[in-house]
Amino acid sequence: MSDIKIKEAPVEDEQAQPILTHEKSLSQKIARGSEAGDILDQQMVMLGIQLVTQLNVLLKTSRIYERTNAALDRPVDAMLTLIKTMAHDQPVTLRLQNDFLFLGNSHLKVNAQQMAVATSIIDVLNTWKIGGMTLSLAVESKDLREFAALFVSLDPANKTLEDLQKEIKARGIAGIDLEEQRQLQIQKGPGTALNTEPYSTKSVDPNVQWKAEAKKGYASMAGSIGALTQSAREGGTVSFKQAKRAIQNIIDRMVDDEAAVLGLTTLRCHDQYTHNHSVNVSLLSMALANRAGYPKAELADLGLAALFHDLGKSTIPMEILNKPGEFTDDDWMAMRNHPTEGVLILSKTRGITNLPGRMAAAAFEHHMNLDFSGYPKLTVPWTLSLTGRILTIADCYDAMTSSRVYRREAMSPSKVLNMMFSKSGKAFDATLLKLFVNCVGIIPIGSLVMLETSELAVVLKPSADKANAERPFVRVITDPQGNSVDHGREVDLTEKDETGDFRHNVIRLIDNTEYKFDTSRYFV
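Parameters at a glance
Residues numbered from 1 in each chain as written. Predicted model: local features only at pLDDT ≥ 70, side-chain atom pairs only at ≥ 80, totals over all residues. Heavy atoms only, no water. Helix = DSSP H or I, 4+ residues; strand = E, 2+ residues; numbered from the N terminus. Buried < 20%, exposed > 50% of the residue type's maximum accessible area, 1.4 Å probe, protein only. Contact = heavy atoms within 4.5 Å. Areas by Shrake-Rupley, 256 points an atom, 1.4 Å probe, with all protein chains shown as cover. Patch = residues over 30% accessible without salt bridge, like charges linked within 9 Å, V, L, I, M, F, W, Y side chains within 5 Å. Salt bridge = Lys/Arg side-chain N within 4 Å of Asp/Glu carboxyl O. Phe/Tyr/Trp six-rings, centres within 6.5 Å; stacked < 30°, edge-to-face > 60°. Polar contact = N/O pair within 3.5 Å; in protein donor to acceptor, adjacent residues only side chain to side chain. Arc of directions from axis to C-beta. pLDDT = per-residue confidence, 0-100.

Draft legend 1. Region of the structure containing the overall build of the protein chain. Looking only at helices and strands, one finds 17 helices and 14 strands in the protein chain. A burial count over the protein chain gives 51% of its 524 residues as buried. For the protein chain, contacts bridging at least 24 residues in sequence account for 66% of all contacts bridging at least 6. Element-wise, carbon and sulfur atoms account for 51% of the exposed surface of the protein chain, whose accessible area totals about 24,400 Å².

Draft legend 2. Up close: a nonpolar patch on the surface. A contiguous nonpolar patch, built from Phe372, Leu378, Val380 and Trp382 and spanning about 340 Å² of accessible area, is present on the exposed surface. Among the structural elements, Trp382 can be located in the loop between α14 (356-365) and α15 (386-400).

Draft legend 3. Focus on the packing of aromatic side chains. Scanning the model with the defined rule gives five aromatic pairs in all. Centre to centre, the rings of Phe327 and Trp332 are 4.9 Å apart; their planes meet at 65°, and the pair counts as edge-to-face. Judged by relative accessible area, Trp332 falls into the partly exposed class, the value being 35%. Seen from their ring centres, Tyr397 and Phe436 are 5.1 Å apart, and the 70° between their planes marks the pair as edge-to-face. You can see Tyr397 sitting in helix α15 and its partner Phe436 sitting in helix α17 (residues 430-440), a full 39 residues away along the chain. Accessibility expressed as a relative area gives 4% for Tyr397, which makes it buried.

Draft legend 4. Quick look at the side chain of Thr85. Here Thr85 shows up in helix α2 (residues 73-86). At 2.8 Å, the side chain of Thr85 and the backbone oxygen of Thr81 are in polar contact.

Draft legend 5. Examining helix α13 (residues 338-347) more closely. Of the positions making up α13, those classed as buried are His338, Pro339, Gly342, Ile345 and Leu346. Across the axial projection of α13, the buried residues extend over an arc of 120°, all falling on one side.

Draft legend 6. Here's a closer look at the confidence of the model for the protein chain. Averaged over the protein chain, the pLDDT score is 80; the fraction of residues at 70 or greater is 79%. Here strand β1 (residues 5-7) stands out as the element of the protein chain with the lowest mean pLDDT, 34, in contrast to helix α4 (residues 141-153), whose mean of 95 is the highest. Within the model, the stretch residues 1-37 combines pLDDT values under 50 with 68 contacts to residues more than four positions away or in other chains. Within the model, pLDDT remains below 50 along residues 183-206, and this stretch shows 57 contacts once partners closer than five positions in the same chain are excluded.

Draft legend 7. Region of the structure containing the pattern of salt bridges. Here the structure, examined in full by the defined rule, presents 16 salt bridges. A salt bridge links Arg389 to Asp429; the nearest nitrogen and oxygen atoms lie 3.0 Å apart. Taken as a pair, Arg389 in helix α15 and Asp429 in the loop between α16 (413-421) and α17 lie far apart in primary sequence, 40 residues in all. Salt bridges here are not isolated pairs; linked through shared partners, they connect Arg67, Glu146, Glu167 and Arg171.

Right under this line is the structure:
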């Protein structure tokens, strides 16, 4: 892949990102399905995320400055570079389908840091009921400036998408085409296909604001772990203030709706595994501790400890952390040393005087296992703390259900729970593991199931009836033919009809990892 080049730009804020480029028509030289083709696809998705970021910057800047202002130079130039890179073979299209962004037919899976930007663009497109924005090589600087000025000046409450399209044409804006929203359809089976149907206007979801705030809290926690890890890697000072605020915000929302907060942990992105994993472990640990009777103040302390349980990884070279192949003995030695390194970093950190023991336990014990079969290995008697036992469960569950740089294929939540139950009382505290299942459900949150009607449904939260724990609360996401249902009905599988029989039944679990179906879209 000698044709691939990276043009670096100083990363000062979200406007300045490295721009990835490739030779003209390179995609036509690569066999589809080949390893090189996979790399190209990944790079195009990265470019798509950058395009979304720069579009967001352009629109925000245009709300403040006139179209000719120099403040627009950077986002305009960045967008032109991206468009010229991506649109050699055909125009590039950003699509919005069922509240998810796509580059053509490729889902743009954003990490926690990019979530706020993606949400902003999704909200803007939804407001105008825009389903797609196509950009071609015909677009020039003046077109982007004029389009942005027009876009932010018109009021979608009084204007329609058709009005916007007419204005684009009247002003001679070239290379930018908008289309109406369409629905995503999913065909069952290994050969999953994406089809579209005309979009139908949907009512405002009363939970949208709640979900938006929860996502901001998640993004804030991820931003904190990223900043603190980088600071620790560079030998700088570490501050926990932002993380503490974000955790408190999440706890308040967890009290209102634990299952919805845990639904955020279905966000999987192997490229940002360390950040996502740390946030997910924090959320899972707090939910488990809440079930174990922790008071609110101690939940916050545990959440902070869990969020930075892997801080010791900041001492591991990036080439090892991001190594796609097999680890050498030296690599494993470095990896297995991160719990000890984490304790050393935390011991030198200011601002945690009220909870050094819990944070040290989280960093040091989360890989030990209940029977001490893990690491670090000790030569002195040791009593595993409650914090360590909680984190061992949360850490293992999220790690196994996530894809990694060196393991692209994750395991389904139900398979992971079965594996963990086989080690109950050995690697995991048996009582805590049962409480954990109460949190995520016997059929865990985010699992995909088929009902007796042949409809597919995603598990939103565990059953409130412990006697029927195998009957969770689900959302129907397809009709019996496998076509996606926009805002499908929610079903409590414990409901019975007039004769006392259950109205609906799960006939089988669907391995969403096998079918490469991302259920996180129904939570984030």
